[in-house]
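Chain residues, written in single-letter form:
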Amino acid sequence: MADVKLPFEETLIPPARRGLSLGSIVLLVGVALVAVIFGLALLRQNQTQPTSGPAPDFTLITYEGEEIKLSDLRGRIVVLNFWASWCGPCRVEAPALQNVWQRYQDQDVMMLGVAYTDTDSKAQAFIDEFGITYPNAPDTGTRISDWYNIQGVPETFIIDQEGNIARFYITQVNENILSTEIERLLRGEF
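Each chain carries its own residue numbering, running from 1 in the written order of its sequence. At least 70 in pLDDT is required for a residue's local features to be given in this predicted model, at least 80 for side-chain atom pairs to be given and counted, and no such filter applies to totals for whole chains, interfaces and linings, which use all residues. Think of the side-chain values as coming from all heavy atoms in the structure, minus any hydrogens and water.

So what exactly am I meant to see when it comes to the overall build of the chain here?
Only runs of H or I of at least four residues qualify as helices and only runs of E of at least two qualify as strands under DSSP, and these elements are numbered from the N terminus. Scanning the chain from terminus to terminus reveals six helices and seven strands. Going residue by residue from the N terminus, the α and β elements of the chain occur as α-α-β-β-β-α-β-α-β-α-β-β-α. Considering the chain as a whole, with its 190 residues, one finds that 38% of them fall into the buried category. For the chain, the share of sequence-separated contacts (at least 6 apart) that also reach a separation of at least 24 residues comes to 72%. Here, Shrake-Rupley sampling with a 1.4 Å probe gives the accessible areas, and only protein chains in the shown set may cover a residue. Looking at the chain as shown, the accessible area adds up to about 11300 Å², and 58% of this sits on carbon and sulfur atoms. Categorising residues by exposure relies on relative accessible area from a 1.4 Å probe, with only protein chains included: less than 20% of the type maximum marks a residue as buried, more than 50% marks it as exposed, and the intermediate range marks it as partly exposed. A contact between two residues is defined here by any heavy atoms of the two lying within 4.5 Å.

If you want it as structure tokens, here you go:
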């Protein structure tokens, strides 16, 4: 008997394709993108806040419109506090920061508050609520937070008179902690 070809046999075997299908390309691009994002997250996780050495310099514009450059404050102790109005621990430490400012502002100590990922109106309401009188500024584009590798708030850096980071606190601070460190630096104990 001769081989008889049925009309539907040709449709059962798909034609051979060359290259990747659109679905495969999209899948590969998606996997590569996830790998890059994951790699960047791991790299950022391995970065830590600066805890010694020169403090990263920055210029900020306070909510009152004053321009302050960190390097212009050399010769003074700087308490640099990153906070946000939506942060519970920031609300707890706010009175302590204000009290320390009132106690040391005439002793070559500068307190600077940096509002981290906050709206201007909510940040200003926070400042008003706690009667904060030391300079505060928004961190526009999180530039300053990125230079200090902020992981969350509150975070506080104490910078000595030579512009070096003397202490770093990754949690809320209190008057005793701040006063102890400020007194040590005022005595010249670096």
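We are not done yet, so read on.
In this structure, what is going on with the state of the cysteines? I would like to understand it.
Covalent bonding between the sulfur atoms of two cysteines is what defines a disulfide. The criterion for a disulfide is a pair of cysteine sulfur atoms lying within 2.5 Å. Tallied over the full model, the rule gives one disulfide. Covalently, C87 is tied to C90 through a disulfide, its sulfur atoms 2.4 Å apart. Classification of the bridge connecting C87 and C90 rests on its S-S torsion, roughly 80 degrees, and on that basis the disulfide is right-handed.

Got a minute to help me understand unusual backbone geometry in this structure?
Among all residues save glycine, negative phi is the norm, and among peptide bonds the norm is trans. Backbone torsion omega between V153 and P154 reads 0 degrees, so that peptide bond is classified as cis. Its place among the elements puts P154 in the loop between α5 (143-147) and β6 (155-159). Positive phi is not limited to glycine here, since T142 has a value of about 50 degrees. Exposure remark for T142: the relative accessible area of 22% places this residue in the partly exposed category.

How do you make sense of the nonpolar core when you look at a structure like this?
Most often, soluble globular proteins have nonpolar side chains that are buried together. Nonpolar cores are built from buried Ala, Val, Leu, Ile, Met, Phe, Trp, Tyr and Cys residues. Side-chain atoms within 4.5 Å join them into one set. Counting 49 residues, the largest nonpolar core has L80, F82 and Y148 as the members making the most contacts within it. Going through the elements one at a time, β3 (77-83), α3 (88-104), β4 (109-115), α4 (120-129), β6, β7 (165-169) and α6 (175-186) are the ones with two or more residues in this core. Other than its neighbours up to four places away in sequence, L80 contacts F58, L112, V114, Y148, E155, T156, F157 and I159.

What am I meant to see in a nonpolar patch on the surface here?
Nonpolar side chains collect at one region of the surface, where L20, I25, L28 and V29 lie side by side and expose about 380 Å² of accessible area between them. With relative accessibility at 40%, the residue I25 sits in the partly exposed group. The patch calculation keeps residues exceeding 30% relative accessible area without a salt bridge and links them within 9 Å when they carry like charges or within 5 Å when they are nonpolar (Val, Leu, Ile, Met, Phe, Trp, Tyr). One side-chain nitrogen of Lys or Arg within 4 Å of one carboxyl oxygen of Asp or Glu is enough to make a salt bridge.

What's the story with the environment of M111 in this structure? I'm lost.
Tracing the backbone through its elements, the reader meets M111 in strand β4. Of the residues examined, M111 reaches a relative accessible area of 0% and is grouped as buried. C-alpha of M111 to C-alpha of V79: the two residues are 32 residues apart in sequence and 4.7 Å apart in space.

Even after reading the chapter, I still don't get the environment of A166, so can you show me in this structure?
Inspection of the secondary structure puts A166 in strand β7. Given a relative accessible area of 17%, A166 falls into the buried group. A166 sits 88 residues away from V78 along the chain, and the two C-alpha atoms are 9.9 Å apart. Excluding residues that lie within four positions of it along the chain, A166 makes contacts with I158, I159, D160, E181, R184 and L185.

Sorry, what's going on with the pattern of salt bridges here?
For side chains of opposite charge, pairing can occur when their charged atoms come near one another. This model, assessed by the stated rule, comprises five salt bridges. Close ionic contact of E175 with R103 constitutes a salt bridge, the shortest N to O distance being 2.8 Å. Of the two residues, E175 is situated in helix α6 and R103 in helix α3; the sequence distance between them amounts to 72 residues. What makes E175 partly exposed here is its relative accessible area of 26%. The exposure class assigned to R103 is partly exposed, which follows from its relative accessible area of 38%. In this structure, E181 engages R184 in a salt bridge whose closest nitrogen and oxygen atoms are separated by 2.3 Å. In this pair, E181 and R184 both sit in helix α6, three residues apart, roughly one turn of the helix. The class of E181 is buried, set by a relative accessible area of 3%. Take R184: its relative accessible area is 16%, and that puts it in the buried class. Each member of the salt-bridge network shares a partner with another, and the members are R167, E181 and R184.

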